[in-house]
Amino acid sequence: MSELLARHRAVMPNWLALNYNEPIEIVSGKGNRVVDADGKSYLDFFAGILTNMIGYDVPEVREAVERQLATGVVHTSTVYLLRGQVELAEKIARLSGIPDAKVFFTNSGTEANETALLLATYARKSDQVLAMRQSYHGRSFGAVSVTSNRSWKNNSLSPLNVHFLHGADRHLTQFRGLSDADYIAACVDDLRHVLATAVSNDVAALIAEPIQGVGGFTMAPDGLFAAYKEVLDEQGILFISDEVQTGWGRTGSAFFGIQDHGVTPDVITFAKGLGNGFAVGGLVARGDLMDGPHAVGLSTFGGNPISMAAANATLDYVLDHDLQANAARTGAIIIDGLKEAAKRLSVVKDVRGKGLMFAVELESPAQAARFMEETKRAGLLAGKGGLYGTAIRMAPPLTLTVEEAVEGLGIIVGALETIDAEAA
Ligand code: PLP
């Protein structure tokens, strides 16, 4: 065990999961690669858990943060006007597609979801919330209670009344063999049944991830969210789209993942990639919801000038370089390549994803662990996950080049071939 790992184990809780049999310390990064303390370089296909959205050591971001630091203005209080906040809010409101949208900044995705839940439950005067099976929304009381993944919620005493709907879990026996249309009809039937039987009064909101991140990049079929939205609208139930992983063009086909489904949500929550490594989160919601008498609040560090400088520079970079199109282009190379390889590799149970958010489903958690070690050895970082611990999740920076996409695909397929040969 390395000296740093021993010190980590001594002072950090044992539930803090570390990747790899021999966890690594990353000491620097440039472009889409990082370097560990032993000097080994890796193509980063997990981007720090989707946080380094435009890669490492980006001059535009570094200079924006340095300019802000140089002013000596690091006053974090929200009781003064902050230009960077207003500018970022204007951009996000416009991009959200939500009419009369207003924005509130937090420091993390958890806080963003907690605020969205506070807003919705106050606005609707109800503690009843709908969420999706296999979801992950964060580590606060509210966020944990809408999380549907035992390993993440097993210490929660939920303050909310939550009912979980079907979405990406269509592998269950009862749904096997159904066409998309029949599956969606079954899900809508279930939603109506939940609303008629399981709730004790009006329901505040449905919170959903367009692609489930921690759940293993699992996807509900096209049309499901729109069908749910129709039912929710009948009862004035709000739709919260958790875009902590799917925002900013990552899916290639939409700027926010839910836009792919033709649904305009009432609230979008965001975090992770926006600050390219600097902590920033928030929510964008219908103005009438945000402006309600219930919505009084502040966040001491939410929207602080340093995070705003990083986030404005990052978002401008994404837009100026049309990284959504790049995600579509480079993601297609990898996803198509993986689907092709899967035809001859029996250990690969599924390949799924959109843009630069894609996953490979293996047969067992042991194979997933093996994949992590093999790709690490070959110089690529990935993420393990999914409800059953069998999914390999990959989400490189949106700046990935075509050459890096081809290189990464080669490493991934090589690792899968090794595991396939071992399983034979
Ligand atoms: N929502 C989703 C979809 C996430 O993936 C995460 C984190 O992984 C969160 C919320 C929580 O965000 P944070 O870890 O910034 O609190």
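Refer to the structure above for everything that follows.
Keep in mind it's a predicted model, so treat the numbers as computed, not measured.

Novice: What is the right way to read the pattern of salt bridges from this model?
Specialist: Two side chains carrying opposite charge are able to pair once their charged atoms lie near each other. In total, this model carries 20 salt bridges according to the counting rule given. For the salt bridge of R192 with E234, the shortest nitrogen-to-oxygen distance reads 3.0 Å. Residue R192 is found in helix α8 (residues 180–197), and its partner E234 is found in helix α9 (residues 224–234); the two are separated by 42 residues along the sequence. Across the pair E422 and R370 runs a salt bridge, and its minimum N-O distance is 2.5 Å. Separated by 52 residues along the polypeptide, E422 in helix α14 (residues 402–423) and R370 in helix α13 (residues 365–378) bring together distant segments of the chain. A cluster of three or more residues bridged by salt bridges with shared partners is formed by R370, E374, R377 and E422.

Novice: Got a minute to help me understand unusual backbone geometry in this structure?
Specialist: Although it is not a glycine, D100 adopts a positive phi angle of roughly 50°. Examined against the element boundaries, D100 turns out to sit in the loop between α4 (83–96) and β4 (101–106). The class of D100 is exposed, set by a relative accessible area of 67%. Unusually for a residue other than glycine, K125 sits at a positive phi of about 50°. Looking at the secondary structure, you find K125 in the loop between α5 (109–124) and β5 (128–132).

Novice: For this particular structure, what's the right way to read the sheet that holds strand β14 (residues 357–361)?
Specialist: Backbone-to-backbone hydrogen bonds pair the strands of a sheet. The strands run either parallel or antiparallel. An order of β13-β14-β17-β16 is seen for the four strands of this open sheet, with the pairing classed as antiparallel. Two strands lie at the open edges of the sheet, namely β13 (350–354) and β16 (383–385), each paired on one side alone. Across this sheet, the average inter-strand angle for adjacent strands is 25°, counted without regard to direction. Relative to strand β17 (residues 391–394), β14 is paired through four bridges, and the arrangement is antiparallel. Its bridge partner being in β17, F358 is matched across the sheet by M394. The strands touched by helix α12 (residues 323–342) within the sheet are β13 and β14, with β13 carrying the most contacts at an inclination of about 170°.

Novice: What is the right way to look at the environment of V194 in this model?
Specialist: Position of V194 among the secondary structure elements: in helix α8. Separated by 91 residues in the primary sequence, V194 and A285 have C-alpha atoms spaced 26 Å apart.

Novice: Hey, could you run me through the nonpolar core in this one?
Specialist: One broad rule of soluble globular proteins: the nonpolar side chains tend to lie buried together. The biggest cluster of nonpolar side chains holds 69 residues, and the ones touching the most others in it are L338 and F371. Ranked by the residues each element gives to this core, the list is headed by helix α11 (residues 305–320), at nine residues. Not counting residues within four places of it along the chain, the set of residues in contact with F371 comprises L362, A382, I392, M394, I412, A415, L416 and I419. Counting 26 residues, the second-largest nonpolar core is a separate cluster that includes L130, Y183, L195 and A208.

Novice: Would you mind showing me how to read the pairing of strand β12 (residues 281–286) here?
Specialist: Where a strand is regular, its side chains alternate between the two sheet faces. Burial of β12 is extensive: five of the six residues sit out of reach of the surface. Pairing between β4 and β12: six bridges, direction antiparallel. Bridged to T106 within β12 is G281. Summarising the sheet, strand β11 (residues 267–270) and β12 pair through four bridges and their orientation is antiparallel. Across the sheet, T269 pairs through a bridge with L283, a residue of β12.

Cut-off values and rules
- Residues numbered from 1 in each chain as written.
- Predicted model: local features only at pLDDT ≥ 70, side-chain atom pairs only at ≥ 80, totals over all residues.
- Heavy atoms only, no water.
- Salt bridge = Lys/Arg side-chain N within 4 Å of Asp/Glu carboxyl O.
- Helix = DSSP H or I, 4+ residues; strand = E, 2+ residues; numbered from the N terminus.
- Buried < 20%, exposed > 50% of the residue type's maximum accessible area, 1.4 Å probe, protein only.
- Pairing = 2+ DSSP bridges.
- Axes fitted to C-alpha atoms, helices over the stretch in contact; angles between N-to-C directions.
- Contact = heavy atoms within 4.5 Å.
- Core = buried A, V, L, I, M, F, W, Y, C linked by side-chain atoms within 4.5 Å.

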